[in-house]
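Topology and contacts: notes
In case you want the letters, here they are:
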Amino acid sequence: MTPVPSRSRDVVRDDYENQLNDHWEDKQNDPINLLLGKMDGLYHHHYAVGDFDRSVLTAPPDRRQQLILNEMHRMESEQVDLILDGLGDAPPGARLLDAGSGRGGTSFMIHDRLGCHVDGVNFCEHHLAFSRKLAQQRGCADNVRFHYANMVSTPFADASFRYVVTNETTMYVDLFEAFTEFARLLQPGGRYVLVTWCENDAAAAPGTSPEINAIDTHYVSRIHRRSTYFRALAASGLVPSTVRDLTREAIPYWELRSCSALSTGVEQPFLDGYRRNRLNYLVVVAEKARTKKQTAS
Ligand code: GPP
Ligand code: MG
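Below, the structure is looked at part by part. (Residues numbered from 1 in each chain as written. Chains lettered and ligands numbered in written order. Predicted model: local features only at pLDDT ≥ 70, side-chain atom pairs only at ≥ 80, totals over all residues. Heavy atoms only, no water.)

1. A closer look at the overall build of the protein
Across its full length, the protein holds eleven helices and seven strands. In terms of overall size, the protein behaves like a compact globule, its C-alpha atoms giving a radius of gyration of 19 Å where 297 residues would be expected to give roughly 19 Å. If one aligns the C-alpha atoms of the protein with their principal axes, the spans along those axes are about 65 × 45 × 40 Å. Looking at the protein as a whole, 54% of its 297 residues are labelled buried. Within the protein, residue pairs in contact and separated by at least 24 positions form 79% of the contacts whose partners lie at least 6 positions apart. (Helix = DSSP H or I, 4+ residues; strand = E, 2+ residues; numbered from the N terminus. Rg over C-alpha atoms; globule rule 2.2 N^0.38 Å. Buried < 20%, exposed > 50% of the residue type's maximum accessible area, 1.4 Å probe, protein only. Contact = heavy atoms within 4.5 Å.)

Written as structure tokens, this is what we have:
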């Protein structure tokens, strides 16, 4: 197995990225993710949409906490359907970039379901070692590879991917930089599927949402405004074909998670942010625009 390199200045480039890298390198004992992943080997670093089985909240006390965790894991795994639906009928073997691949849950699910050849990028070293080991164990290490790289500046050739996905990772990057990179990597007509939480410009002036500030502090993130996503997509030649606002649907997961003994304190800001419509949960599918020359050939 390729060894994971230690922090490189080409990859972790500035003070903010160093701080972010520290945050993730320090987050190695996170039972709310590890205990869920242990159930079936799919370790996620994203949340979920849709309702939960309310009966878990009134289950006998000795079983209740485990049932809550089971339900959270079911929801987090089903959340990947948002991406799979956005990809549509990807031909087997198509190349796909998972930008910000965490411990690999989304990459493995896409590979298992669609047969895509997946490259995940991440600059958290223990996440990389973890996901590479899982790929070996799952017998898919030739087709699901994890690279030490910054998602806004990857080592891949122009037009080498048919698909790019980001599953709740873009709150860590400059969107103009990231989307320019994704457009470079995509083939003409290639597709980008974005799932993210973002600040609703229509509800709050920049920097004035206490919920958003609390979430940013918790995760060392920089939540972007909804309008910034669309400006950055347009500036990069990525043309949205579908936009889904799933803000209401994002609430139940946080209600359930608030009842878990493993809750981390970030639940209330997410609940308040979504309920007050200051935080939005979006799924966007965008295609790379073709140039005149590409259209003619
Ligand atoms: C938190 O997921 C996810 C983010 C802050 C988005 C970026 C994720 C990357 C791996 C880059 P989590 O599952 O780690 O949060 P929690 O521990 O609160 O469940
Ligand atoms: Mg989690």
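2. Notes on the site of ligand 1
Taken together, 15 residues lie near ligand 1, and Lys27, His45, Glu168, Tyr219 and Arg257 sit nearest. In this structure, asparagine 33 approaches ligand 1 through a side-chain N or O atom, which is 2.9 Å from an oxygen atom. In the model, an oxygen atom of ligand 1 is placed 2.5 Å from a nitrogen or oxygen of the tyrosine 219 side chain. Against a free-state accessible area of 500 Å², the protein chains account for coverage of 95% of ligand 1. When grouped by side-chain class, the residues that make up the shell around ligand 1 number seven nonpolar, five polar and three charged. (Near = heavy atom within 4 Å. Polar contact = N/O pair within 3.5 Å; in protein donor to acceptor, adjacent residues only side chain to side chain. Areas by Shrake-Rupley, 256 points an atom, 1.4 Å probe, with all protein chains shown as cover. Nonpolar A, V, L, I, M, F, W, Y, C, P; charged D, E, K, R; others polar.)

3. Details of the nonpolar core
Among the nonpolar cores identified, the biggest contains 66 residues, and Leu87, Ile110, Trp197, Phe270 and Tyr274 are the most heavily contacted of them. The element contributing the most residues to this core is helix H3 (residues 61-87), with nine residues. Judged by nonpolar contacts, the second largest core, of 27 residues, contains Phe161, Phe179, Ala183 and Tyr192. (Core = buried A, V, L, I, M, F, W, Y, C linked by side-chain atoms within 4.5 Å.)

4. Details of helix H1 (residues 15-26)
Compared with an ideal rise of 1.5 Å per residue, which puts twelve residues at 16 Å, H1 spans 16 Å between its outermost C-alpha atoms and is within 8% of the ideal. For H1, the full list of buried residues reads Tyr16, Glu17, Leu20, Asn21, His23, Trp24 and Glu25. Where H1 begins, one side-chain oxygen reaches toward the backbone nitrogen of tyrosine 16, 3.3 Å away; that side chain belongs to aspartate 14. (Expected span 1.5 Å × (residues − 1).)

5. Focus: the pattern of salt bridges
Taken as a whole and assessed by the stated rule, the structure comprises 21 salt bridges. A salt bridge links arginine 103 to aspartate 30; its shortest N-O distance comes to 2.9 Å. Here arginine 103 is found in the loop between strand S1 (95-99) and helix H4 (105-114), whereas its partner aspartate 30 is found in the loop between H1 and helix H2 (31-37), with 73 residues between them in sequence. Put simply, Asp51, Arg54, Glu255 and Arg275 are held in one network by salt bridges that share partners. (Salt bridge = Lys/Arg side-chain N within 4 Å of Asp/Glu carboxyl O.)

6. Concerning the environment of asparagine 33
Mapped onto the elements of the fold, asparagine 33 is located in helix H2. The buried category is assigned to asparagine 33, whose relative accessible area is 9%. Distance in space between the C-alpha atoms of asparagine 33 and leucine 69 is 9.7 Å, their sequence separation being 36 residues. Every residue in contact with asparagine 33, bar those within four places of it in the chain, is listed here: Lys27, Tyr43, His44, His45 and Arg103.

7. Considerations on the side chain of glutamate 76
Looking at the element boundaries, glutamate 76 is found in helix H3. Arginine 257 is the oppositely charged side chain nearest to the buried, salt-bridge-free glutamate 76, at an N-O distance of 5.0 Å. Excluding residues within four positions of it along the chain, glutamate 76 makes contact with Leu36, His44, His46, Tyr47, Ala48 and Tyr253. (Lys, Arg positive; Asp, Glu negative; His and termini not counted.)

8. Examining the packing of aromatic side chains
Describing an aromatic ring pair means giving the distance of the ring centres and the angle of the ring planes. According to the stated counting rule, one finds 19 aromatic pairs in the structure shown. Ring geometry for phenylalanine 156 against phenylalanine 161: centres 5.1 Å apart, planes inclined by 85 degrees, an arrangement best described as edge-to-face. Classification of phenylalanine 156 as buried rests on a relative accessible area of 10%. Since its relative accessible area comes to 0%, phenylalanine 161 is described here as buried. Here the aromatic rings of tryptophan 197 and phenylalanine 270 are separated by 5.2 Å at their centres, their planes lie at 85 degrees, and the arrangement is edge-to-face. Of the two residues, tryptophan 197 sits in strand S5 (residues 186-199) while phenylalanine 270 sits in helix H10 (residues 267-275), which places them 73 residues apart along the sequence. The burial state of tryptophan 197 is the same as that of phenylalanine 270; both residues are buried. (Phe/Tyr/Trp six-rings, centres within 6.5 Å; stacked < 30°, edge-to-face > 60°.)

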